[in-house]
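# Commentary on secondary and tertiary structure
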Number of protein chains: 2
Amino acid sequence: MSPPAPNPDTDPAPADHAGRMARKKAARDKMMTGKTNTKGLLVVHTGPGKGKTTAALGLALRALGHGMRVGIIQFVKGARDSAERQALERFAPLVTIQALGEGFTWETQDRERDLAAARRAWESAQALLADPAYAMVVLDELNIVLRDATLPLESVMEALAARPALQHVVITGRGAPEALIAAADLVTEMSLVKHPLKAGIKAQPGIEF
Amino acid sequence: MSPPAPNPDTDPAPADHAGRMARKKAARDKMMTGKTNTKGLLVVHTGPGKGKTTAALGLALRALGHGMRVGIIQFVKGARDSAERQALERFAPLVTIQALGEGFTWETQDRERDLAAARRAWESAQALLADPAYAMVVLDELNIVLRDATLPLESVMEALAARPALQHVVITGRGAPEALIAAADLVTEMSLVKHPLKAGIKAQPGIEF
């Protein structure tokens, strides 16, 4: 590759550049001063776009890289969808992953079965939320279950509030309830700008599952 | 946990529910019919919110779970930030990760050093983009380098267009150039709804790094 040609609009003279960046760094350093609290964060990934679950998996990966113990409960995904499980099992016993769903409601077409699955998943989630050994708990697609009213929101909010002080929780799924957003420390909304299924391209391993 | 009380607004009678879900499934199955193309996707995670890099790491994790080979080039992050590297090294030799950045420009305050780092990272990226053994290539924070004009956009677009047909590429960073969005198959914009640094909470392992 040849080096990029100088651009007078974006490439200031070196002296100007250093001065500008020094001011930017000073402003940023000032912003970071006084950020002293350490606490378990409640993180929510919501919105209609892709990346909610994958970003949660990325956080889990990072936490595992720090040697932190991570528990993952999948509320919708069933045990057959297992690429992330395959990958995460390399980190056993630091990680536990339980896929306790029955698929999306339009797949199961059975309200009673959905309710039973949600209850079973929530029982496992409660055990993790009560255990300070877990530095991070991922509740994947919990928002879907809350939206479909298969779990009572109040029980979930109570368990989140009562969890160990340093435990991070990551909750994913579109349509996060307002009470959850209000209680969260970090909320990201994923928006869809462009989607390959609309262009006739089928779901592929490594991207969609 | 006690089972949720029935809610007449959201809990239809079982027979209605099954019928409604059957129609939903039929519509969805129809939508999926005809999605037959398999190709390497160009995926872009942009926007001001969190989750761009972590969602890319999640995609990498899934791809690794499928036994796919993954190459990751980090354009901004330097070698000292290593939680994801620590974690991903469990998948060697299936994964290679190179953190070739020098930090954000306001940290380095040295335009020449930034340019040299960008060029070095891009050379490594080009090698991955020319190698069909890599089923997925992650170019983390490439958008930042493009925005700062430390790399020529045309060279990047050419290398992406010329890559192996089945290779997925995931590009992250705020401010994705329009040409990249136009060429992409899947674009997600991450928006910040709430950020803990604004509440005086400091950056923490497992979440911010």
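Every value quoted in this text rests on a predicted model; they were computed, and no experiment measured them. (Residues numbered from 1 in each chain as written. Chains lettered and ligands numbered in written order. Predicted model: local features only at pLDDT ≥ 70, side-chain atom pairs only at ≥ 80, totals over all residues. Heavy atoms only, no water.)

Of the regular secondary structure elements, chain A holds 8 helices and 6 strands. For chain A, the N- to C-terminal ordering of α and β elements is α-β-α-β-α-β-α-α-β-α-α-β-α-β. A total of 209 residues make up chain A; the buried ones form 53% of that total. Here chain A has roughly 8,900 Å² of accessible surface; of this, 54% comes from carbon and sulfur atoms. (Helix = DSSP H or I, 4+ residues; strand = E, 2+ residues; numbered from the N terminus. Buried < 20%, exposed > 50% of the residue type's maximum accessible area, 1.4 Å probe, protein only. Areas by Shrake-Rupley, 256 points an atom, 1.4 Å probe, with all protein chains shown as cover.)

Here we have 12 strands laid out as an open sheet, ordered β3(A)-β2(A)-β4(A)-β5(A)-β1(A)-β6(A)-β6(B)-β1(B)-β5(B)-β4(B)-β2(B)-β3(B), and mixed in their pairing. Among the strands making up the open sheet, the edge pair consists of β3 (95–99) of chain A together with β3 (95–99) of chain B. Within this sheet the neighbouring strands show an average axis-to-axis angle of 15°, counted without direction. In this sheet, strand β4 (residues 136–140) of chain B lies alongside strand β2 (residues 70–74) of chain B in parallel orientation, the contact comprising 5 bridges. (Pairing = 2+ DSSP bridges. Axes fitted to C-alpha atoms, helices over the stretch in contact; angles between N-to-C directions.)

This next bit is on helix α2 (residues 52–65) of chain A. Residues and elements named next belong to chain A. With 14 residues, α2 should reach 20 Å at 1.5 Å per residue; the first-to-last C-alpha distance of 20 Å fits that figure. Taking burial as the measure, the 14 residues of α2 include 14 buried ones, the bulk of the element. Looking at the residues trailing α2, positive phi occurs at Gly 67, about 80°. (Expected span 1.5 Å × (residues − 1).)

Residue and element names in this part refer to chain A. Residue Pro 93 is bonded to the preceding Ala 92 through a cis peptide linkage, with omega at 5°. Notably, Glu 141 is not glycine yet its phi reads approximately 65°, a positive angle. Tracing the backbone through its elements, the reader meets Glu 141 in the loop between β4 (136–140) and α6 (142–147).

Moving on: the pairing of strand β1 (residues 42–46) of chain A. All names here are of chain A. Of all 5 residues making up β1, 5 are buried, and the element is well covered by its neighbours. Here β1 shows two buried faces, one formed by Leu 42, Val 44 and Thr 46 and the other by Val 43 and His 45. Bridging between β1 and strand β6 (residues 186–194) involves 4 bridges; their strand directions are parallel. Bridge pairing in β6 places Thr 46 opposite Glu 189.

Attention now moves to the environment of A:Leu166. Residue and element names in this part refer to chain A. Mapped onto the fold, Leu 166 is located in the loop between α7 (153–161) and β5 (168–172). Between the alpha carbons of Leu 166 and Thr 38 there is a distance of 7.5 Å; along the sequence they are 128 residues apart. Not counting residues within four places of it along the chain, the set of residues in contact with Leu 166 comprises Thr 38, Lys 39, Gly 40 and Ala 135. (Contact = heavy atoms within 4.5 Å.)

Residue and element names in this part refer to chain B. Of note, Leu 42 is situated in strand β1 (residues 42–46). When its relative accessible area of 3% is taken as the criterion, Leu 42 is described as buried. For the pair Leu 42 and Glu 154, spaced 112 residues apart in the sequence, the C-alpha separation amounts to 16 Å.

Next up on the list: the packing of aromatic side chains. Each aromatic ring pair is summarised here by two numbers: the centre-to-centre distance and the angle between the ring planes. Enumeration over the complete set of coordinates arrives at 1 aromatic pair over all chains. The ring of A:Tyr134 has A:Arg69 lying over it, and the distance from NZ or CZ to the ring centre is 4.6 Å. (Phe/Tyr/Trp six-rings, centres within 6.5 Å; stacked < 30°, edge-to-face > 60°. Lys NZ or Arg CZ within 6 Å of the ring centre and 35° of its normal.)

Let us look at the pattern of salt bridges. Residue and element names in this part refer to chain A. One pass over the structure, following the stated rule, counts 8 salt bridges over all chains. The residue Lys 39 makes a salt bridge to Asp 185 at a minimum N-O spacing of 2.9 Å. With a gap of 146 residues between them, Lys 39 in the loop between α1 (14–32) and β1 and Asp 185 in the loop between α8 (178–183) and β6 connect regions that are remote in the sequence. By relative accessible area, Lys 39 is classed as partly exposed at 31%. By relative accessible area, Asp 185 is classed as buried at 12%. Residue Lys 50 is joined to Glu 208 by a salt bridge in which the shortest nitrogen-to-oxygen separation is 2.8 Å. (Salt bridge = Lys/Arg side-chain N within 4 Å of Asp/Glu carboxyl O.)

For the rest of this paragraph, the subject is the side chain of B:Thr53. Relative to the assigned elements, B:Thr53 resides in helix α2 (residues 52–65). For B:Thr53, the side chain forms a polar contact with the side chain of B:Asp140, separated by 2.6 Å. Apart from residues no more than four positions distant in its own chain, B:Thr53 is found in contact with A:Arg62, B:Asp140, B:Glu141 and B:Thr172. (Polar contact = N/O pair within 3.5 Å; in protein donor to acceptor, adjacent residues only side chain to side chain.)

The next thing to look at is the confidence of the model for chain A. Residues and elements named next belong to chain A. Across chain A, the average pLDDT comes to 85, with 82% of residues at or above 70. Below pLDDT 50 for its whole length, residues 1–12 participates in 16 contacts with residues either more than four positions away or in separate chains. With a pTM of 0.80, the predicted complex shows an ipTM of 0.79. (pLDDT = per-residue confidence, 0-100.)

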